[in-house]
Amino acid sequence: MVILSQSSAAGVLALLSEPDPVFKQHALKSLNALVPRFWAEISEHIALIESLYDNDDMPKDARDSAALLASKVYYFLGEYVESLSFALGAGNAFEAESRVPGSEEYVETVMSMAIDKYVEEQTNGKQDKVDPRLQRIIESIFTRCISEGEYKQAVGIALESHRLDIISKIYEQVKDTSILTYAMEAVIDSGFSLSYRDTVLRFIYPLFPRPTAGDGSSLAQSLTRLLVTLGDSSLTVPLLVSLVPKEYLLAYQFSFDLVEGGARDYLDLVGAQLPAGNADNQEIFDKIRSILTGQESVKLYLEFLKRNNHVDTLILKHTKDSLEPRSSIYHTALTLQNAFMHSGTTSDLFLRENLEWLGLASNWSKFSATAGLGVIHKGYYEQGKTILGPYLPQNGNESSIPGAAYSEGGALYALGLINAGCGTEISGYLREALRTAQGEVVQHGAALGLGIAAMGSKNMETFEDLKNVLFMDSAVAGEASGYAMGLIMLGTAAEEPVREMLSYARETQHEKIIRGLAIGIAFVFYGRQEEADETVKELLAETDPILRYGGVYTLALAYAGTSNNDAVRQLLHIAVSDVSDDVRRAAVTSLAFLLFKNPSQVPRIVQLLSESYNPHVRCGATLALGIACAGTGMQDAIEILEPMTKDSVDFVRQGAFIALGMILLEQSEASSPSLASTRALYSRIIADKHEDPMAKLGAALGQGLIDAGGRNVTINLQSRAGSRNTNAIVGMVLFCQFWYWYPLAHCACLAFEPTGIIGLDGDLKVPKFEFTSNAKPSLFAYPPTTPPPKKETVTKVATAVLSTTAKVKAREKKKAATEGDAMETDEKPDTKTEGDGDVEMKAEGTSKASTSKAAKKEPSFETLPNLSRVTPAQLAYISFSSDGKYQPVRVVTAKPASTRAGKNVKQVEEKVAGGGGILILVDRRPEQQAEFIQFETVIQPPPAEPCPRGGCSIVFRDDYQQVALTTADWSSIADQIQADVFTDTLSDEDSLAKRLEPYEIICAMRERTKFLPLLLDRLPNLRLIATTGRVNRSIDVNYARKKGIYVSGTDNGGNSTVEHIWTLIMSVARHIVVEHINIRTSNPRWQTVVPMGLAGSTLGLIGVGRLGSETAKIAKVFGMKVIGWSPHLTPERAEAQGVEFIASKQELLSRSDIVSLHLVLSESTTKIINAADLDLMKASSFLINTSRGPLIDEAALVEALKNKKIAGAGLDVFEQEPLPLDHPLRFLDNVTLSPHNGYVNETNYKVFWTSTVENIKGYLDGKPRSLLE
């Protein structure tokens, strides 16, 4: 029997008019099932259905069915408000409908509408007026979500509807901190108001359990993010105090994590409110305070970047060779590329090796080049002023030398960059420099440096200093002051400063000042969300496009990281509607600052904008992609950018090159297929002489960014704590202003975040240990270095081989292999079966099979030491051995890997927040002795600038024989120096410092004067010590380098010291001096002493180095037996020099007839010959010393000579030189003395002083040479 489908609801509808209620109830139930098919027909009877619902005589079930039927009809009619109204009246019927198959869409829509209505009434303060029926539905939704385990859905609704009690109820039921973390992240990252966000965070904070070290959860990261977001010291201080002393390691970890994302004023307040502590915990609180200054983190990251520096200098050399250095834009391009690549590494090797190129900088190029030192040495705050000392204004006064103002301004700017994030200790110096500066260039640099160093300090005195410079109405200085004023008041939303800034922006005629103030206002409203709305509205309504430009950035910074839908829509509207190209470009770029926490959304949003007819919009799209997707290697973004590198407009290509560099930061060839091709593209663009300068600049910047920080940093606008990375956001906003002013591009370094794991123990020392990366090494490997260019050679043309010949050879090989007669060669027989047809003509040799074996299978993990680079995507694969000595107190990352890194693992494209960085470690095996990593950050003085003619004062110290100016030709630099010569020696340090204080260059003869830290600190003008010889242990070279003082050395000439050794040996052995005195004094006795015969005698050498071995050779000519000892002499080395090895000093002294010292003076060799040693020597023996006086205990030697314990001594060196006139050695008759003449002869002096002239000339030309290490 065939069942006919129903074609109309008319029959059922007719039952609604029946008088019997039973028929009506049946009709209502039947019609509910028919609504999806016949809603149009049923809608004609909607009035009747509504009347049935209103009929109190109908049973409740029937009325509920009528309400449900009316709701469903209105739903299909699109009348959703009416649909919800009747659904609320349906009661149990609606709940039953939610379980009927096919009704899911209707139920979900009504539920969504119910939630929206409930949220609206809750947020509008109408909690007491909520419809009880609506309340019942919402409660049922909560109940169902909780019963089905849909906790996050319930939390989301609870947050929207301000039902925080639901969050507490869920957590009390499941005791899962991930619920609280989800609520925290949702309220922070979504578009909730600041006041409600803070209310939620304060509500859930007490719900979090007390953290414990090593619990394996991400609780520490969650609490850190919550505390950083609130910025409330009253919550933070009790937490830290509660962890001391039992969980003091976790307190250290919290402190380091708070520094990663906390505002400066918040961290300072926490440090100030911590208790001083008692005898048991005072040290712990002191360390926490030290960590909270941020300086500990900066020092650790500085050492990390220095140790792991992987800069490819050949890339820089290629850029230098390709770009014309006399072009200001090209000089700036290379300056920025080098600065970015070496950011934080403290390596200025490229600058030192290319001083000629550096010297070509002029005006603002010189400003940028000097500021680049701040990028390179970023974080080395301890020596910032020393590093930049030669360039900073001296004694608070600007230099009158032409062009020096640009170096001074750049140095002040660099000083701010060095001290970024290190507290505000340098602010006082920069404020004073700003107040005393007269020129606009120096004011410009001082204002920028002050703004960056004191960022977020909210110091009104500093603000007033900047305002005073602003009111001078200098375009250059005023622009920098505008930026700096905003940075000082960062995130305050302070009304009065904004009013003053906006008022002056409207009055001034200088576009540069307007732009600086417009961006400054944006900084003031950073992170303030709805508090900025009125100002944004006001700025966007301005007729001046520069102020509208500022309005765009104000909107972006106010809602930074929130992905606020209204803000995104507003920016998109501006991007397509504003009449100013600058404003439109800024609107598109600013999308990155809203969406950086969700970078995968950005390519989809800007896809159409990247194809806009307006090149400024296209350029904005490139920067939006670069900033938001930086460090992700996101292929969707790269696919949009790659075609834009061929855009017809130069600045669009420039933006594409820069953006690609940002996106491909820390990518490997295994993780990103576009890496190699992008690097090759940069190289080609830079080398192309026909390419536009703007594009070349973009390629150079892209190369600098892709290898930033020695390939050990990424750009992430989200901090490790999960909060906004304030320094990075500010840095990227300022970097985007390079469109108008190139020096602002340096600020990109503020966004460079070192990516490594730095483990510290409980004493905050850095132990040696290893951890595992459970991924193939190639996935996160450093890119390969550029191969050096090969010399061009004549290429041999391959011999063509006919196809028939190739076939014959192949058959012969196959036959030989089959018969077993093949020879052992590198070639394998070709086993491929040849066809009968023609084969391709090949070059001879190209048909050989590969000789290499199959590549060894790559391991699936690698072991890394402490202070290793670990990229954000790699963090998910890091693990610590469960039985290792050290374990971190918190998990490495809050986001575990979704899969192990196998063959086809795709690197994570989303930004990873939290984890890595500085980890405090628990020592599980304290009984095992720990090894520590020693920090060795040594800074070279900055590259010297050429000295003006006649402007350098030189002093010659201790020139006893007055030979410095007579044994060398000084004419090449005579007109550049003013020289003074002193032949005496001053032993009093005060007198010496007073004499040397005026001089810029000191020429030191050997070790006649000691230049130790106390003296160097008193010589403020000293820039070069030109010593003679390759080693001078009287100069603290490392300390001089830190003070910005060069120390140069020279080679030696001749073999004078060996000659002098034998002069003394012959003199004492043959008593020449004694007999000489007898004859000269008319002693009637003739031949008073018997000389020692050298043949058959034993010469004992203490030290068998260069001089010792040369001395041994001559001894053998006289037929002497030569024996040797030194603290580090081995039998093999002794035998190689033809010297008998003696195992102990005592044996050598007791056997020798003549003892000669040839050791370097050090702490271990001082007084290596003492009274006990002298007692061991033969009474007939002689002691010779031409090395260093302190090798011998001089007082013991005097006693031994007086008492004739030894026959005599020949001395050329003494503890104090010149030897005091009343010294006992002067009055002994068995000692031969010379005034440290061992190295002195005419040949040596000529080499010394000729080389010194060359060294000084190099310094004067800005190219220091022959520097001592």
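The rules behind the values
- By convention here, each chain's residues receive numbers from 1 onward along its written sequence.
- In view of the model being predicted, local features appear only for residues whose pLDDT reaches at least 70, and side-chain atom pairs are presented and counted only at 80 or more, with totals across whole chains, interfaces and linings using the full set of residues.
- Just so you know, side-chain values use all the structure's heavy atoms and leave hydrogens and water out.
- In DSSP terms, a helix is any run of H or I states spanning at least four residues, a strand is any run of E spanning at least two, and both are numbered starting from the N terminus.
- The cut-offs for exposure are 20% and 50% of the maximum accessible area for each residue type, with area from a 1.4 Å probe on protein chains only; residues under the lower value are buried, those over the upper are exposed, and the others partly exposed.
- Contacts between residues were defined by any pair of non-hydrogen atoms, one from each residue, lying within 4.5 Å.
- All accessible areas in this document rest on Shrake-Rupley with a 1.4 Å probe, and a residue is counted as covered only by the protein chains that are shown.
- When DSSP locates at least two bridges between a pair of strands, those strands are taken to pair.
- Every angle, taken between N-to-C directions, lies between 0 and 180 degrees, and every axis is a line fitted to C-alpha atoms, over only the stretch in contact when it is a helix.
- Salt bridge, as used here, is a side-chain nitrogen of Lys or Arg placed within 4 Å of a carboxyl oxygen of Asp or Glu.
- Two cysteine sulfur atoms form a disulfide, by the criterion used here, when they sit within 2.5 Å.
- Within 3.5 Å is the distance limit for a polar contact, defined as a pair of N or O atoms, with the added protein rule that one can donate a hydrogen and the other accept it, and that residues adjacent in sequence qualify only through two side-chain atoms.
- Geometric relationships in this document are graded by angle, where less than 35 degrees denotes roughly parallel, more than 145 denotes roughly antiparallel, 65 to 115 denotes roughly perpendicular, and other angles denote oblique.
- Nonpolar cores are built from buried Ala, Val, Leu, Ile, Met, Phe, Trp, Tyr and Cys residues. Side-chain atoms within 4.5 Å join them into one set.
- The length a helix should cover is 1.5 Å for every residue beyond the first.

- Within an unreviewed UniProt entry, the label attached to the protein chain reads D-isomer specific 2-hydroxyacid dehydrogenase, and the organism entered is Lentinula boryana.

**Focus on the overall build of the protein chain**
Alright, step 1. Helix and strand content of the protein chain: 55 helices and 23 strands.
Alright, step 2. Counting only residues that meet the buried cut, the protein chain has 55% of its 1269 residues in that class.
Alright, step 3. When contacts within the protein chain are restricted to residue pairs at least 6 apart in sequence, long-range pairs at least 24 apart make up 73% of them.
Alright, step 4. In the structure as shown, the protein chain presents an accessible area of about 55,000 Å², 51% of it carried by carbon and sulfur atoms.

**Considering the sheet that holds strand β10 (residues 886-888)**
Alright, step 1. Reading across from one edge, β8-β3-β11-β10 is the order of the 4 strands in this open sheet, with mixed pairing throughout. A strand with exactly one partner marks an edge of an open sheet, and here the two such strands are β8 (868-869) and β10.
Alright, step 2. Summarising the sheet, strand β3 (residues 756-760) and strand β11 (residues 917-923) pair through 4 bridges and their orientation is parallel. Of the residues in β11, the one forming a bridge with Ile758 is Ile918.
Alright, step 3. Its contacts with the sheet put helix α15 (residues 248-261) on β3 and β11, and the angle it makes with β11 is roughly 180°.
Alright, step 4. Here helix α18 (residues 295-307) sits on the sheet and contacts β3, β8 and β11; the angle it forms with β3, its principal contact strand, is near 125°.

**Side note on the pattern of salt bridges**
Alright, step 1. Scanning all chains against the criterion turns up 56 salt bridges.
Alright, step 2. One salt bridge in this structure joins Glu296 and Lys299, with 3.8 Å as the shortest N-O distance. You can see Glu296 and its partner Lys299 sitting in helix α18, 3 residues apart, about one turn around the helix.
Alright, step 3. Between Arg528 and Glu531 there is a salt bridge, and its shortest N-O distance comes to 3.1 Å.
Alright, step 4. Salt bridges sharing common partners tie together Arg431, Glu432, Arg435, Glu461 and Asp465.

**Brief notes about the state of the cysteines**
Alright, step 1. Throughout the structure, instances matching the rule amount to 0 disulfides.
Alright, step 2. As a non-bridged cysteine, Cys749 has Cys747 as the owner of its nearest cysteine sulfur, 6.8 Å distant.
Alright, step 3. Residue classification places Cys749 among the buried positions, given a relative accessible area of 0%.

**Overview of the sheet that holds strand β20 (residues 1154-1157)**
Pairing between the strands of a sheet is mediated by backbone hydrogen bonds and can be parallel or antiparallel.
Alright, step 1. Overall, parallel pairing links the 7 strands, which are arranged β19-β18-β17-β20-β21-β22-β23 in an open sheet. Looking at the sheet topology across the chains shown, the edges are occupied by β19 (1140-1141) and β23 (1231-1233).
Alright, step 2. By the bridge criterion, 3 bridges tie strand β22 (residues 1208-1211) to β23 in an arrangement that is parallel. When the bridges of β23 are listed, Leu1211 appears paired with Leu1233.
Alright, step 3. Across the face of the sheet, helix α48 (residues 1056-1069) comes into contact with β17 (1098-1102), β20, β21 (1182-1185), β22 and β23 while running at roughly 160° to β21.

**Re unusual backbone geometry**
Alright, step 1. Between Val244 and Pro245 the backbone carries a cis peptide bond, its omega angle lying at 5°.
Alright, step 2. Locating Pro245 in the fold gives a position in the loop between α14 (233-243) and α15.
Alright, step 3. At His1071, a position not held by glycine, the phi torsion is positive, near 55°.
Alright, step 4. Considering the arrangement of structural elements, one finds His1071 in the loop between α48 and α49 (1072-1080).

**So, the side chain of Ser868**
Alright, step 1. If you trace the backbone, Ser868 turns up in strand β8.
Alright, step 2. Of the residues examined, Ser868 reaches a relative accessible area of 8% and is grouped as buried.
Alright, step 3. A distance of 2.6 Å separates the side chain of Ser868 from the backbone oxygen of Pro865, its partner in a polar contact.
Alright, step 4. Excluding residues within four positions of it along the chain, Ser868 makes contact with Phe304, Asn308, Thr755, Gly756, Ile757 and Phe771.

**Regarding the packing of helix α19 (residues 313-322) against helix α40 (residues 675-687)**
Alright, step 1. Two elements in contact, α19 and α40, have axes separated by 9 Å at closest approach and are oriented at 25°. With respect to α40, the axis of α19 lies roughly parallel. Seen from α19, the contacting residues are Ile315, His318, Thr319 and Ser322; seen from α40, they are Arg679, Ser683, Ile686 and Ala687.

**Considering the environment of Ile954**
Alright, step 1. Within the secondary structure, Ile954 is located in strand β12 (residues 952-957).
Alright, step 2. Here the alpha-carbon distance between Ile954 and Ile1256, two residues 302 residues apart in the chain, equals 9.6 Å.
Alright, step 3. Ignoring sequence-local partners within four residues, the contact set of Ile954 consists of Ile977, Gln978, Ala979, Asp980, Tyr999, Ile1001, Cys1003 and Ile1256.

**A closer look at the nonpolar core**
Alright, step 1. In this structure, Ile42, Leu159, Ile288 and Met732 are the most contacted members of the largest nonpolar core, which totals 292 residues.
Alright, step 2. Beyond its immediate chain neighbours, meaning those up to four positions away, Met732 contacts Phe593, Ile627, Met662, Ile715, Leu717, Ala748 and Ala751.
Alright, step 3. With 29 residues, the next largest nonpolar core counts Leu1149, Ile1192, Val1198 and Phe1214 among its residues.

**Some details on helix α33 (residues 545-558)**
Alright, step 1. Between its first and last C-alpha atoms α33 spans 20 Å; for 14 residues at 1.5 Å apiece the expected length is 20 Å, and the two agree.
Alright, step 2. A large share of α33 lies buried, amounting to 13 of its 14 residues.
Alright, step 3. Two or three places before Ile546, at the opening of α33, Asp544 has a side-chain oxygen 2.9 Å from that residue's backbone nitrogen.

**Quick word on the side chain of His746**
Alright, step 1. Mapped onto the elements of the fold, His746 is located in the loop between α43 (726-736) and β2 (752-754).
Alright, step 2. Excluding anything up to four places from it in sequence, His746 contacts Leu336, Phe340, Ser368, Ala371, Gly372, Val375, Tyr413 and Leu417.

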